[in-house]
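Here's the letter readout for the chains.
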Amino acid sequence: MLSAFGRAFRTPDLRRKLLFTLGIITIFRLGAFIPSPGVNYQNVQQCLRNGETQEGLYQLVNLFSGGALLQVSVFALGIMPYITASIIVQLLRVVIPRFQMLYEEGASGQSKLTQYTRYLTIALGLLNATTLVSLARSGQLLPGCALPLIPDTSIITTILLIITLTAGTGLIMWMGELVTEKGVGNGMSLLIFTSIAATFPLSLGAIWNSKGPGTFFTVLLIGLVTVALVVFVEQSQRRIPVQYAKRMIGRRTVGGTSTYIPIKVNMAGVIPVIFASSMLYLPGLISQFNQPKAGEQLAPWVEWINNNLTRGDHPIYMALYFAMIVFFTYFYVAITFNPEEVSDNMKKYGGFIPGIRAGKPTADYLQYVLSRITLPGALYLGFVALIPLVALVLINANQNFPFGGTSILIMVGVGLETVKQIDAQLQQRHYEGLLR
């Protein structure tokens, strides 16, 4: 393994790409600690030290920003606006025919969709920045702290702060695209990986300090088992054989080859977990806007939401979370994988599945396989996502339990993909990859 890393850094082109990627990651992490203009950094750090502020409505966004959200740094919004914009544009392909036409046009159409994603990212960044500044000014960002996070509440300071946070989102998006173009791996995914990995030392240190070495090593053991399970499932796929008939084009004979359609057990990735988390945050957000005035009684439905849907250790919360992950897994797979489109493309180029007629029977067979292989993938996503919530009950850890849920799914997926890309580039030059 060490010799493989040595070969990677001895290859000039690959070394340049790796160093460029590491440089962008370093700048990204530095930006997470640079305070925004108008923010009292000492008060923010004091508030973070005084109490537990990692749970609740901002948990997912704070995770994807590497802890920068609650510090109100220049990169406070992190990569979340871009993720949201990408998901929205992808879903709009089903609703807006123009988007689907652009997607089918190839590179030129997809570059147009990428441009739409950039515009939407800036718009969402502006909206999120306005919300974050409003929460910081009113004291709701860190509810247990009475110190002012933004002492100067003038309109000029507020506008400057919103522009800075939005510009930070645009800069992160640009750096991610630079890594994709000139570095190694997918830039956006690597920045998310970096943000999540940055929270691991603090989470593990908190478990060591509060629960002792016994619980700490138990968590590490659970982490190793979880990583092994995630790697096994992420690499699992059902290969459907495809045979292409021989055809005469001019004087040449083409076709006659055999290949396969790889259908992964987890085709949806981490998107269903993000969808389910976002949907379960909505009831808590609604209840915050329906708090009673002084002397009034709390509405029964608001009390029920506060008791059952705002605490991750509640059985109703866990059951709803699991059910929504299963539902969104089927929903997202149905949007992203179209059996009829795959069947038509196979028929166009003379391909067929042995024993299955071309056309509608092939589409029905693909749908049959897809619907059954998605079930274990959905159950797997639900169980992995529940690991932090179960840890919250068993060892009273916070909901940022490091080995489980969204964090471990993203880290393992991005890590596997990046290693594959480095391995492919090494094999082009040395005939030996990173992993033998």
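Here is what the cut-offs are and how they apply
Residues numbered from 1 in each chain as written. Predicted model: local features only at pLDDT ≥ 70, side-chain atom pairs only at ≥ 80, totals over all residues. Heavy atoms only, no water. Helix = DSSP H or I, 4+ residues; strand = E, 2+ residues; numbered from the N terminus. Buried < 20%, exposed > 50% of the residue type's maximum accessible area, 1.4 Å probe, protein only. Contact = heavy atoms within 4.5 Å. Areas by Shrake-Rupley, 256 points an atom, 1.4 Å probe, with all protein chains shown as cover. Salt bridge = Lys/Arg side-chain N within 4 Å of Asp/Glu carboxyl O. Patch = residues over 30% accessible without salt bridge, like charges linked within 9 Å, V, L, I, M, F, W, Y side chains within 5 Å. Arc of directions from axis to C-beta. Axes fitted to C-alpha atoms, helices over the stretch in contact; angles between N-to-C directions. Parallel < 35°, antiparallel > 145°, perpendicular 65-115°, else oblique. Nonpolar A, V, L, I, M, F, W, Y, C, P; charged D, E, K, R; others polar. pLDDT = per-residue confidence, 0-100. Pairing = 2+ DSSP bridges. Core = buried A, V, L, I, M, F, W, Y, C linked by side-chain atoms within 4.5 Å. 1 Å grid on protein atoms, 1.4 Å probe; cavity = no way out; pocket = protein on both sides within 12 Å on 5 of 7 lines; lining within 4 Å. Points joined across faces, edges and corners; volume = space filled by probe spheres on them. Phe/Tyr/Trp six-rings, centres within 6.5 Å; stacked < 30°, edge-to-face > 60°.

J.: Please clarify how the overall build of the protein should be interpreted in this entry.
T.: Helix and strand counts for the protein stand at 16 helices and five strands. Scored against the burial criterion, the 436 residues of the protein give a buried share of 45%. By sequence separation, contacts in the protein at least 24 residues apart represent 69% of the contacts at least 6 residues apart. Taken as a whole, the protein presents about 22,600 Å² of accessible surface, with 63% of it coming from carbon and sulfur.

J.: Just to check I follow, could you spell out the pattern of salt bridges for this structure?
T.: Two side chains with opposite charge may pair up if their charged atoms get near one another. Counted under the stated rule, the structure contains four salt bridges. One salt bridge in this structure joins R16 and D13, with 3.0 Å as the shortest N-O distance. Here R16 pairs with D13, and both are found in helix α2 (residues 12-31), just three residues apart, close to one helical turn. Looking at D13, the relative accessible area reads 25%, which means it is partly exposed.

J.: It is not clear to me how a nonpolar patch on the surface should be interpreted in this structure. Could you clarify?
T.: On the surface, a cluster of nonpolar side chains totalling about 430 Å² of accessible area is made up of I155, I156, I159 and I163. Within the element layout of this structure, I163 appears in helix α8 (residues 155-182).

J.: Got a minute to help me understand helix α6 (residues 97-104) in this structure?
T.: The α-helix advances 3.6 residues per turn, and as a result positions three or four apart in sequence lie on the same side. Listed as buried for α6 are F99, Q100 and L102. Viewed end-on, α6 has its buried residues packed into an arc of 160°, placing them on one side of the element. Projecting away from the buried face of α6 at angles above 90 degrees are the exposed residues P97 and E104. Those residues of α6 hidden inside the fold are in contact with α5 (80-95) and α7 (107-138). Two residues or fewer after α6 comes G106, characterised by a positive phi angle close to 100°.

J.: Would you mind showing me how to read the packing of α6 against α7 here?
T.: Any two packed helices are characterised by how steeply their axes cross, that is the angle between the axes, and by the distance between the axes. One can describe the packing of α6 onto α7 by two numbers: an axis separation of 6 Å at closest approach and a directional angle of 130°. By the angle between their directions, the pair α6 and α7 is classed as oblique. For the pair formed by α6 and α7, the contact residues are F99, L102 and Y103 on the first element and G109, Q110, K112, L113 and Y116 on the second. Residue composition of the contact of α6 with α7, grouped by class: five nonpolar, two polar and one charged.

J.: Mind showing me how you'd approach the confidence of the model for the protein here?
T.: As a general rule, the predicted coordinates of low-pLDDT regions are not to be interpreted in detail. On average, residues of the protein score 80 in pLDDT, and 83% of them are at 70 or above. No element of the protein has a lower mean pLDDT than helix α4 (residues 59-64), which averages 63, and none a higher one than α8, which averages 90. Below pLDDT 50 for its whole length, residues 52-57 participates in 14 contacts with residues either more than four positions away or in separate chains.

J.: I'm lost on the sheet that holds strand β4 (residues 258-264) in this one. Help?
T.: Strand pairing in a sheet relies on backbone hydrogen bonds. The paired strands run either parallel or antiparallel. Reading across the sheet, the three strands line up as β4-β1-β5 and stay open at both edges, with antiparallel pairing between neighbours. A strand with exactly one partner marks an edge of an open sheet, and here the two such strands are β4 and β5 (351-352). Relative to β4, strand β1 (residues 237-244) runs antiparallel, the two sharing seven bridges. Paired with I240 across the bridge in β4 is I261.

J.: Is there a simple way to think about the nonpolar core in this case?
T.: When a protein is soluble and globular, its nonpolar side chains tend to lie buried together. Judged by nonpolar contacts, the single largest core of 65 residues is most densely connected at I79, I263, V273, Y321 and L409. Contact partners of V273, with chain neighbours within four places excluded, come to Y321, I325, L381, A385, T406 and L409. Membership of the second largest hydrophobic core comes to 20 residues, among which are V39, L142, I150 and I162.

J.: How should I be thinking about empty space enclosed by the protein in this particular structure?
T.: Vacant regions in the atomic arrangement are exposed by a probe of water-molecule size rolled over the atoms. Tallied over the full model, the rule gives two cavities of 30 Å³ or more. Forming the walls of the second largest cavity are K264, V265, N266, M267, A268, T329, V333, T374, G377 and A378. When residues in the lining of the second largest cavity are grouped by element, the largest group, three residues, is from helix α15 (residues 360-394). Of the residues that constitute the lining of the second largest cavity, the class distribution is five nonpolar, four polar and one charged.

J.: Please clarify how the packing of aromatic side chains should be interpreted in this entry.
T.: Centre distance and the angle of the planes are the two values used to describe a pair of aromatic rings. Following the criterion strictly, the structure yields ten aromatic pairs and no others. Relative to Y116, the ring of F99 lies with its centre 5.5 Å away and its plane at 15°, an arrangement referred to as stacked. You can see F99 sitting in helix α6 and its partner Y116 sitting in helix α7, a full 17 residues away along the chain. The class of Y116 is partly exposed, set by a relative accessible area of 29%. Centre to centre, the rings of F328 and F331 are 6.4 Å apart; their planes meet at 75°, and the pair counts as edge-to-face. One end of the pair, F328, and the other, F331, are both in helix α13 (residues 315-336), three residues apart, so they sit about a helical turn from each other. Judged by its relative accessible area of 35%, F331 is partly exposed.

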